[in-house]
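# Coordinate inspection notes
Chain by chain, the residues:
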Amino acid sequence: MGFWSSMGSRLSSFVSSAVSVASRAWDSVKETAARTVSWMADKAETFVGSVKKVWDKVKPIINNVIRPIVQTAAKLATKVLPQFPWIGGALNALDRALGLLVEWDKSDLAKRISKAIEWAIKKAKALKDIFLTPEEMEEARRHEEALREARSQMRGEAALAIDLASLITHYAQLSTRIQDVLENIQINDFDHYLRLRAAQKLLKETEQRLTRAQDINVITNDDLFLIETGSELLKPNPQLSDSATQRLNDVVMARFGQKLLPFVFEEMIMAWGYNLQAMENEWKSLSEALSKEEVLLRRLKIGERLGDLSPEEAQMLSALEARLPAQQSEMENKRKRTNEMRNYVFAAEGFLQLLEKEPGDFIAEGRDYLLEDSNAAGMIIIDCAQYGKTWEQLTFDEQSLIIDFANIFEEASRARAQKLVEVAA
């Protein structure tokens, strides 16, 4: 079970134990939807092929869109105060924190904290250049340790100022790690992809808070928590406790208006949808090229029957007859694979909506029948994931159920995939 599948199971158990007013039927629908998208992420190659093919298509967009810098930072001059109003108050509070450390005869720690603060403010002044070298990453780690040690001894505004310096230090490290993944590391699987995308979005949220905050009190422990969580997500084997998982779910809901699972799995659906569009375009181009050759083949065959072919045309006819069967087979395979992808991607959109919405939303749309159909469709897909079933191994009725379910969500799925492109514009 992947990281997000495990987290999904924990969140489902939180909901089951915490919610008493929701009907058992709706809880069951939500649980099946969560299990389905989790299984689809874990066993994606069964449904949509390798992550490498999808990643190759979406990486240019992802790399262009969520580069972890503030666009306005390019205009940032040497003076930081007009761009970051909170820095003035933070510096005053940090001065008080340093004074306390000296007062407590912790001058060595005060020196280390002073260097950490100087480093953090320097990085805040140049967000556009906040990507760190390996040596700077090690320096940031040392500053992080000093700030953590000082934080345990601070209270009030001084503690908040230390948190702010820690936030910038974590921010610099996380932005560097994300860029390193984008530029140098192949995405291993969809779980890895989703962890990267979640880390990017958490970083972007903090980035906006840093640039919009008017005073130091606006930046909270939740901001530091999000950045620390983003760093954890990029580790090979991330670990989040139950309490951290629940807190992340709550903070994501407060900041993004989404529960954690839709927040995460939306990125998978968007990537698959964009990949599907590319597959459809490839199939269309191949189909159009093949149609032209088939027209030419028919014309040449008519000429052959009439004894009206030149030597060059006869040679062309032989070449066409030799290569067209392979092209036709390739086109048919692409058509078949594209249709399968279409069914799974659009169905996944439906399961995501079940995680995003409440029963009343479907009733208002006149689609409450989906609550029952979704359970059946989800169980088929889970069965495919567990036992490696291919589309051909499904019965006609099973295929029909998934196709019908997918058709309902085609428009919404295509609209969601377009969001990936629109953000890049």
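Along each chain, numbering runs from 1 in the same order as the chain's sequence is written. At least 70 in pLDDT is required for a residue's local features to be given in this predicted model, at least 80 for side-chain atom pairs to be given and counted, and no such filter applies to totals for whole chains, interfaces and linings, which use all residues. Processing note: side-chain calculations cover all non-hydrogen atoms of the structure and skip hydrogens and water entirely.

Glancing now at the overall build of the protein chain. Looking only at helices and strands, the protein chain has 17 helices and zero strands in total. Only protein chains enter the accessibility calculation, which uses a 1.4 Å probe; a residue whose area is less than 20% of its type maximum is buried, one above 50% is exposed, and one in between is partly exposed. Of all 425 residues assigned to the protein chain, the portion counted as buried reaches 49%. With residues, only the protein chains shown are counted as cover, and all accessible areas are computed by Shrake-Rupley using a 1.4 Å probe. Element-wise, carbon and sulfur atoms account for 51% of the exposed surface of the protein chain, whose accessible area totals about 20,500 Å². Every helix listed is a DSSP run of H or I at least four residues long, and every strand listed is a run of E at least two residues long, numbered separately from the N terminus.

Remark: nonpolar core denotes a set of buried residues (Ala, Val, Leu, Ile, Met, Phe, Trp, Tyr, Cys) joined through side-chain atoms within 4.5 Å. In terms of nonpolar packing, the biggest core is built from 120 residues, with Trp-4, Trp-86, Ile-113, Phe-265, Trp-272 and Phe-351 touching the most fellow members. Per-element accounting of this core gives the leading share, 15 residues, to helix 8 (residues 156-184). Contact definition: two residues touch when any of their heavy atoms are within 4.5 Å. In this structure Trp-4 touches Ser-38, Asp-191, Leu-194, Arg-195, Ala-198, Leu-233, Leu-260, Leu-261, Val-264 and Phe-265, once residues within four positions along its chain are discounted.

Time to look at the environment of Trp-86. Here Trp-86 is to be found in helix 5 (residues 86-103). Here the alpha-carbon distance between Trp-86 and Thr-211, two residues 125 residues apart in the chain, equals 9.1 Å.

Using protein atoms alone on a 1 Å grid, points that fit a 1.4 Å probe yet trap it form a cavity, whereas open point sets bounded by protein on both sides within 12 Å along at least five of seven lines form a pocket; residues with an atom within 4 Å of a point count as lining. Grid points are joined across faces, edges and corners, and a volume is the space filled by probe spheres set on the points. Across all of its chains, the model carries one cavity of 30 Å³ or more by this definition. A volume near 50 Å³ is recorded for the largest cavity. Surrounding the largest cavity, Leu-160, Asp-163, Leu-164, Leu-167, Ile-216, Ile-219, Thr-220, Asn-221 and Leu-224 form its lining. Put simply, the parts of the chain that give the lining of the largest cavity at least two residues each are helix 8 and helix 10 (221-233). Looking at the lining of the largest cavity element by element, the count peaks at four residues for helix 8.

Classification of ring pairs rests on two measures: the distance between centres of Phe, Tyr or Trp rings, Trp counted by its six-membered ring, which must be within 6.5 Å, and the angle between planes, read as stacked under 30 degrees, edge-to-face over 60 and tilted in between. For the structure shown, the criterion picks out seven aromatic pairs. The interplanar angle of 90° and the centroid separation of 5.5 Å between the aromatic rings of Phe-190 and Trp-272 together place this pair among those described as edge-to-face. One end of the pair, Phe-190, is in helix 9 (residues 190-212); the other, Trp-272, is in helix 12 (residues 260-305), with 82 residues separating them in the sequence. Pairing Tyr-344 with Trp-391 gives two aromatic rings, centres 5.7 Å apart and planes at 90°, and the pair type is edge-to-face. Residue Tyr-344 is found in helix 13 (residues 311-356), and its partner Trp-391 is found in the loop between helix 15 (370-387) and helix 16 (396-408); the two are separated by 47 residues along the sequence. Owing to a relative accessible area of 1%, Tyr-344 belongs among the buried residues under this scheme. By relative accessible area, Trp-391 is classed as buried at 12%. Within the aromatic cluster, the residues linked to one another by ring pairs are Trp-55, Phe-190, Tyr-193 and Trp-272. Across the ring face of Phe-225, the terminal group of Arg-247 is positioned such that the distance to the ring centre comes to 4.2 Å. One cation-aromatic arrangement involves Lys-357 over Phe-362; the distance from NZ or CZ to the ring centre is 5.5 Å. Should the NZ of a Lys or the CZ of an Arg lie within 6 Å of a ring centre and within 35 degrees of the ring normal, that charge is described as sitting over the ring.

Bringing helix 12 into the picture now. Each helix should span, by expectation, one fewer than its residue count multiplied by 1.5 Å. When the terminal C-alpha atoms of helix 12 are compared, their 67 Å separation across 46 residues agrees well with the 68 Å that a helix rising 1.5 Å per residue should span. Gly-307 sits one or two positions beyond helix 12 and adopts a positive phi of about 65°.

A few words now on the pattern of salt bridges. Salt bridges are counted wherever a side-chain nitrogen of Lys or Arg sits within 4 Å of a carboxyl oxygen of Asp or Glu. As enumerated under the stated definition, the model contains 35 salt bridges in all. Where Glu-136 meets Lys-123, a salt bridge forms, and the shortest distance between an N and an O atom there is 3.1 Å. With Glu-136 in helix 7 (residues 134-151) and Lys-123 in helix 6 (residues 107-124), this residue pair connects regions lying 13 residues apart in the sequence. On the basis of relative accessibility, which here comes to 8%, the residue Lys-123 falls in the buried class.

In this structure, the second largest pocket occupies an estimated 230 Å³ of space. For the lining of the second largest pocket, the elements supplying multiple residues, two or more each, are helix 8 and helix 10. Counting residues per element, the lining of the second largest pocket draws most heavily on helix 10, at five residues. In the scheme used here, Gly and all other residues not listed as nonpolar or charged are polar, with Ala, Val, Leu, Ile, Met, Phe, Trp, Tyr, Cys and Pro taken as nonpolar and Asp, Glu, Lys and Arg as charged. Here the residues of the lining of the second largest pocket are counted per class, giving two nonpolar, five polar and five charged.

Relative to the helices and strands, Ser-5 resides in helix 1 (residues 3-18). Under the relative-accessibility criterion, Ser-5 is labelled buried at 6%. The spatial distance from the C-alpha of Ser-5 to the C-alpha of Val-37 is 8.5 Å, given a sequence separation of 32 residues. Excluding anything up to four places from it in sequence, Ser-5 contacts Ser-38 and Asp-42.

A separate point is the packing of helix 7 against helix 8. Simply put, an axis is a line fit to the C-alpha atoms, just over the touching stretch for a helix, and the angle between two N-to-C directions goes from 0 to 180 degrees. Packing of helix 7 against helix 8 leaves a shortest axis separation of 10 Å and a crossing angle of 155°. In terms of axis orientation, helix 7 runs roughly antiparallel to helix 8. Crossing hand, helix 7 versus helix 8: left-handed. Here Met-137, Ala-140, Arg-141, Glu-144, Leu-147, Ala-150 and Arg-151 of helix 7 lie close against helix 8, whose contacting residues are Ala-159, Ile-162, Asp-163, Ala-165, Ser-166, Thr-169, His-170, Gln-173, Thr-176 and Arg-177. Classifying every residue of the contact of helix 7 with helix 8 gives seven nonpolar, five polar and five charged. Angular relationships are summarised with four words: roughly parallel below 35 degrees, roughly antiparallel beyond 145, roughly perpendicular across 65 to 115, and oblique for the angles in between. Crossings are assigned a handedness: left-handed for a near helix turned anticlockwise from the far helix by less than a right angle, right-handed for a clockwise turn.

We now examine the confidence of the model for the protein chain. Confidence per residue, as judged by the predictor, is encoded in pLDDT with a range of 0 to 100. Confidence along the protein chain averages 83 in pLDDT terms, with 89% of residues attaining 70 or more. Taken element by element, the predicted model of the protein chain shows its lowest mean pLDDT in helix 1 (64) and its highest in helix 16 (94). This stretch, residues 16-22, has a pLDDT under 50; its non-local contacts, to residues over four places away or in other chains, come to one contact. Counting contacts from residues 65-81, a segment whose pLDDT is below 50, to residues more than four positions away or on other chains yields 40 contacts.

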